[in-house]
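For reference, the chains in residue letters:
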Protein chains: 2
Amino acid sequence: MSIKKGFKLWRQAKKIIPGGSQLLSKRVEMFLPEQWPAFFKKAKGVEVWDLDGNKYLDVNASIGACILGYADPEVNRAVKKAIDDGSNSTLNCPEEVKLAELLCKLHPWAKMVRYARGGGEAMAVAVRIARAYSGKSQVAFCGYHGWSDWYLAANIVNDKSLDGHLLSGLEPRGVPRELKGTAIPFRYNKIAELKKIVSKNKNIGVIVMEPLRHEEPKDNFLKQVRKIADKIGAVLVFDEVTIGWRLNVGGAHLKYGVNPDIAVFAKGLSNGFPMAAIIGKKEIMQAAQTTFISSSSWTERIGPTAALATINKMIDKKVPEHLNRIGRLVVKGLKQAAKNNQLKVTVAGPPPLIHFSFDYGADSQAIRTLFTQEMLKKKILASGGVYVTYSLKKKQAKRYLRAVEETFRLLRKAIDNNQVHSLLNGPIAHSGFKRLV
Amino acid sequence: MSIKKGFKLWRQAKKIIPGGSQLLSKRVEMFLPEQWPAFFKKAKGVEVWDLDGNKYLDVNASIGACILGYADPEVNRAVKKAIDDGSNSTLNCPEEVKLAELLCKLHPWAKMVRYARGGGEAMAVAVRIARAYSGKSQVAFCGYHGWSDWYLAANIVNDKSLDGHLLSGLEPRGVPRELKGTAIPFRYNKIAELKKIVSKNKNIGVIVMEPLRHEEPKDNFLKQVRKIADKIGAVLVFDEVTIGWRLNVGGAHLKYGVNPDIAVFAKGLSNGFPMAAIIGKKEIMQAAQTTFISSSSWTERIGPTAALATINKMIDKKVPEHLNRIGRLVVKGLKQAAKNNQLKVTVAGPPPLIHFSFDYGADSQAIRTLFTQEMLKKKILASGGVYVTYSLKKKQAKRYLRAVEETFRLLRKAIDNNQVHSLLNGPIAHSGFKRLV
């Protein structure tokens with residue numbers, strides 16, 4: 001297997017694009033430095049072809065963006081028709097209204113909708129609306145919510161504030177120091193932390209969190225948060241960018257019976273086309289009219305067209321059921337493979353959104369890198385997780401699990417023989433935010 | 001002509017979408033309240049079909065986003081191929097690197113590039129990078145730059161700060177009050193105002209402006225701004241979202257021989273597909289690596305594919321020359337029609353980006369509304385401006401000018417007979433930001 005063209009272009013990319021990629025999680029250095037194919041020519045279903053023509057099974061689904069799989073025929077057909085008919089004009093596209101109606105039908109507590117074209121951007125819109133409604137600047141938050149000033153402001157105080165919220169070490173340079181103290185983190189399932197924040201800060205107008213990621217809510221955590229938000233009159237925003245559409249058709253909060261005031265969707269919503277939606281209660285969303293939130297790119301037609309086609313397919317094909325069924329198979333297989341090879345592996349769900357880690361202290365990341373290297377040799381793009389998609393069928397899941405079993409066996413031997421580092425053909429992968437040269 | 005379906009859907013849109021549209025400038029109320037067709041079914045070249053099947057000549061080009069015209073065959077072909085081949089994957093798309101190389105070739109002072117998917121978003125990225133590099137929060141700015149916190153912060157002090165910067169009355173609710181004083185406006189061609197700002201504020205790290213919009217730089221204004229930025233060590237950011245690609249292939253600054261440190265492109269860059277680019281000097285763009293700027297939607301393939309196809313067509317077909325040629329024809333025709341009918345009309349260029357206003361004091365907006373109403377009867381979507389596109393050929397420009405001549409004649413009579421208001425079949429259009437119910 002030769003992947004020369006990809007290596008060469010990645011070197012060029014780093015010269016001309018700071019960080020090489022627009023997404024930290026798509027940097028070569030996050031997977032397998034100096035060995036990862038970096039660029040794609042074609043993607044279809046669960047398969048990707050690199051620039052040298054190698055074909056891979058890919059279980060990362062564009063870091064979760066393509067919930068139906070790559071180049072889904074129904075979604076692509078709808079989008080291409082919109083392009084043929086003109087995807088933009090001085091008039092508005094009716095698909096925006098249809099999509100708003102569908103989103104409100106799926107989430108009956110929500111009555112109004114705005115759009116953006118990316119998850120981080122949509123979260124900034126949501127926080128703007130929430131602050132406009134509450135009239136207060138301070139945000140208490142939990143989890144990862146993107147690159148915007150409102151969020152990174154948390155790290156102005158102390159650059160460890162965002163540690164434990166998915167990506168560690170996020171640097172807030174360029175975020176105005178004036179925002180110091182406006183974003184205060186609490187940890188998932190630690191209701192006491194949120195209680196302490198609201199008792200110490202009287203200017204909390206917004207509470208932002210993912211309803212869940214890899215940890216289930218315990219002791220009525222979501223209900224408790226809802227209660228606190230109501231008590232202090234704060235707007236509760238659920239970030240459903242990553243978890244939404246995977247457990248059920250709509251936000252994960254539906255499953256847990258706790259409604260936010262605003263929910264934000266992106267990624268899975270539109271199967272990899274740029275799109276995001278902010279849905280909310282009427283009186284709160286109307287606050288959008290008391291502030292200026294407007295962008296030309298939010299009016300094009302591809303985004304809502306792709307979202308409508310994606311949601312309709314998710315409904316028709318009962319996609320979340322598929323994701324859960326295949327996900328359970330993969331979780332079971334991963335645990336079994338770890339057990340068979342007596343490897344210390346922690347596998348976290350929920351089944352459609354699997355994350356696993358090797359628990360070997362300082363060697364964990366080297367072992368994870370070796371895992372990716374050996375899986376790549378088997379023509380599988382794999383790291384410490386699986387984003388299950390509608391295109392990942394039992395057959396491909398089993399191919400992945402067979403490769404995992406073989407690779408775990410190799411890891412077992414490598415650990416036993418103290419060969420983890422010597423077997424690596426390149427540097428150890430990064431585990432968080434780091435400057436590239 | 002019946003446009004019932006559009007009216008009905010617009011009423012529904014306002015119930016479910018705060019403000020009805022994602023872009024202030026695409027609201028029905030900005031053109032012709034209760035009469036505007038609101039939604040489109042199809043758009044091609046300079047023509048738009050509404051939901052009732054009426055066909056219009058449209059001189060607004062999606063508020064400037066579609067510089068080649070709607071549904072351009074070359075751009076659409078390239079985008080549809082990218083969709084067939086998969087528009088997203090875990091690996092990166094090589095088009096990002098190709099586009100970066102092309103943008104740097106066209107702007108030799110720039111060495112690195114980042115992307116976003118909208119103009120406002122890209123400006124926020126540019127300001128983040130500039131602040132990260134300079135280490136200072138305060139921004140001196142001129143012109144319109146979107147919905148982000150950094151910009152609207154200017155209005156926290158006084159909600160008139162942004163008046164005169166294209167859109168008046170932009171409300172900053174939901175923008176943290178902590179940002180008060182971080183964005184300070186100066187007016188175009190008023191170098192003394194910028195000098196005063198930098199002498200009174202020692203924390204100015206960034207100067208943001210459009211190189212021009214409807215006013216040409218006077219007395220070496222751009223060079224003077226450049227000099228001040230250099231003197232105080234501020235990063236100079238040119239917002240080329242609206243003016244870029246219209247005067248020449250690339251940023252308008254190339255024509256004026258003044259290079260910024262960062263330039264931002266959107267709209268014209270990709271002919272209506274969501275895309276934006278931030279280009280800059282190497283050492284400044286590398287500051288992007290000292291802060292966290294990352295989003296999933298920025299990695300999809302349609303944006304850079306559309307931009308490459310659009311730029312290559314602009315080069316091949318010498319598009320800016322066409323825009324200027326047709327634009328001069330339109331400017332001349334508008335002035336002539338005003339003169340023929342002894343109407344007080346101020347026509348502002350540059351030729352590819354025409355703006356005109358009726359100078360009748362308190363009646364100006366009613367006259368403009370009547371103009372739009374009468375042009376609509378002639379099946380032309382027209383307001384106080386013309387965004388010239390590559391699809392607007394001499395024939396259509398002449399059709400537009402004949403309709404203008406006739407409509408100006410009607411306006412003349414209406415003014416003479418004091419009938420401007422009685423001839424209006426609906427309310428007067430809004431002229432700026434206003435809450436919709």
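Calculation rules
Residues numbered from 1 in each chain as written. Chains lettered and ligands numbered in written order. Predicted model: local features only at pLDDT ≥ 70, side-chain atom pairs only at ≥ 80, totals over all residues. Heavy atoms only, no water. Domains from an automatic or database assignment. Contact = heavy atoms within 4.5 Å. Buried area = accessible area lost by both parts, 1.4 Å probe. Salt bridge = Lys/Arg side-chain N within 4 Å of Asp/Glu carboxyl O. Polar contact = N/O pair within 3.5 Å; in protein donor to acceptor, adjacent residues only side chain to side chain. Helix = DSSP H or I, 4+ residues; strand = E, 2+ residues; numbered from the N terminus. Nonpolar A, V, L, I, M, F, W, Y, C, P; charged D, E, K, R; others polar. Least-squares fit on C-alpha atoms with pLDDT ≥ 70 in both. Axes fitted to C-alpha atoms, helices over the stretch in contact; angles between N-to-C directions. Parallel < 35°, antiparallel > 145°, perpendicular 65-115°, else oblique. Left-handed = near helix turned anticlockwise from the far one by under 90°. Buried < 20%, exposed > 50% of the residue type's maximum accessible area, 1.4 Å probe, protein only. Expected span 1.5 Å × (residues − 1). Phe/Tyr/Trp six-rings, centres within 6.5 Å; stacked < 30°, edge-to-face > 60°. Pairing = 2+ DSSP bridges.

Examining the domain arrangement of chain A
Residue and element names in this part refer to chain A.
- Split by domain assignment, chain A resolves into domain 1 (4–64 + 319–423) and domain 2 (74–316).
- Taking the mean C-alpha position of each, domain 1 and domain 2 sit 28 Å from one another.
- Listed per partner, the contact involves 17 residues of domain 1 and 14 residues of domain 2.
- Contact between domain 1 and domain 2 buries roughly 1,300 Å² in total, counting both sides, with carbon and sulfur atoms accounting for 65%.
- At the junction of domain 1 with domain 2, the criterion picks out 0 salt bridges.

Looking at the interface of chain A and chain B
- With 119 residues of chain A at the contact, the number on the chain B side is 120 residues.
- Summing both partners gives a buried area of about 10,000 Å² for chain A against chain B, and 58% of it is carried by carbon and sulfur.
- If you sort the residues of chain A by the area they bury against chain B, Gln22(A), Trp147(A) and Phe292(A) come out on top, with a joint share of 10%.
- Linking chain A with chain B are 4 salt bridges, by the criterion used here.
- With its nearest N and O atoms 2.8 Å apart, the salt bridge here joins Arg128(A) to Asp149(B).
- Where chain A packs against chain B, one counts 62 residue pairs in polar contact (both at pLDDT 80 or more).
- Counting residues per element, the side of chain A that touches chain B draws most heavily on helix H6 (residues 119–134) of chain A, at 8 residues.
- Within the side of chain A that touches chain B, the residues separate by chemical class into 58 nonpolar, 32 polar and 29 charged.

Describing the relation of the copies chain A and chain B
- For the match of chain A to chain B, the screw axis carries a shift of 0.0 Å, the RMSD comes to 0.0 Å, and the turn is 180°. The transformation relating the two chain copies, once decomposed into turn and shift, fits a two-fold axis. Within chain A, Glu178(A) has its C-alpha nearest the rotation axis, a separation of 2.8 Å.

Structural notes on the packing of helix H5 (residues 95–106) of chain A against helix H1 (residues 4–16) of chain B
- Two elements in contact, H5(A) and H1(B), have axes whose closest approach is 10 Å; the angle formed by their N-to-C orientations is 45°. Here H5(A) lies oblique to H1(B), going by the angle between them. When you trace H5(A) past H1(B), the crossing you get is left-handed. Within the contact between the two elements, H5(A) uses Val97(A), Ala100(A), Glu101(A) and Cys104(A) and H1(B) uses Leu9(B), Gln12(B), Ala13(B) and Ile16(B).
- Here the contact of H5(A) with H1(B) is composed, by residue class, of 6 nonpolar, 1 polar and 1 charged.

What to know about the pattern of salt bridges
Residues and elements named next belong to chain A.
- By the definition in use, this model includes 36 salt bridges over all chains.
- In this structure, Glu 300 engages Arg 117 in a salt bridge whose closest nitrogen and oxygen atoms are separated by 2.8 Å. Within this pair, whereas Glu 300 is found in the loop between helix H12 (282–285) and helix H13 (302–316), its partner Arg 117 is found in the loop between strand E4 (112–116) and H6, the two being separated by 183 residues in sequence.
- By relative accessible area, which is 1% here, Glu 300 ends up buried.
- Judged by relative accessible area, Arg 117 falls into the buried class, the value being 1%.
- Between Lys 378 and Glu 406 there is a salt bridge whose closest N-O contact spans 2.7 Å. Remark: Glu 406 occurs in helix H16 (residues 394–416) and Lys 378 occurs in the loop between helix H15 (364–377) and strand E13 (380–381); sequence separation between them is 28 residues.
- Residues joined by salt bridges that share partners form a network here, namely Arg 226, Asp 230, Asp 261 and Lys 281.

Points about helix H5 (residues 95–106) of chain B
- The end-to-end C-alpha separation of H5(B) is 16 Å, in line with the 16 Å expected for 12 residues at 1.5 Å each.
- Among the residues of H5(B), those classed as buried are Glu95(B), Glu96(B), Val97(B), Leu99(B), Ala100(B), Leu102(B), Leu103(B) and Cys104(B).
- The inward-facing, buried residues of H5(B) abut helix H1 (4–16) of chain A together with strand E4 (112–116), strand E10 (276–280) and helix H13 (302–316) of chain B.

Things to note about the packing of aromatic side chains
- Taken as a whole and judged by the stated rule, the model has 30 aromatic pairs over all chains.
- Ring plane angle 0° and centroid distance 4.3 Å describe the contact between Phe31(A) and Trp36(A), whose orientation is recorded as stacked. Trp36(A) carries the same exposure label as Phe31(A), and that label is buried.
- Taking the centre distance of 6.1 Å and the plane angle of 85° together, the rings of Tyr144(B) and Tyr151(B) count as edge-to-face. Tyr151(B) carries the same exposure label as Tyr144(B), and that label is buried.
- Ring pairs connect the aromatic residues Phe141(A), Tyr144(A), Trp150(A), Tyr151(A) and Phe292(B), which therefore count as one cluster.

What about the pairing of E10(B)?
All names here are of chain B.
- Among the 5 residues that make up E10, 5 are buried, leaving the element largely enclosed by the rest of the structure.
- Burial along E10 is two-sided: Ala 276, Ile 278 and Gly 280 and Ala 277 and Ile 279, pointing in opposite directions, are all buried.
- Here E4 pairs with E10 via 5 bridges, running antiparallel. Paired with Met 112 across the strands is Gly 280, a residue of E10.
- Here strand E9 (residues 262–265) runs beside E10; their pairing, made up of 4 bridges, is antiparallel. Bridge pairing in E10 links Ile 262 to Gly 280.

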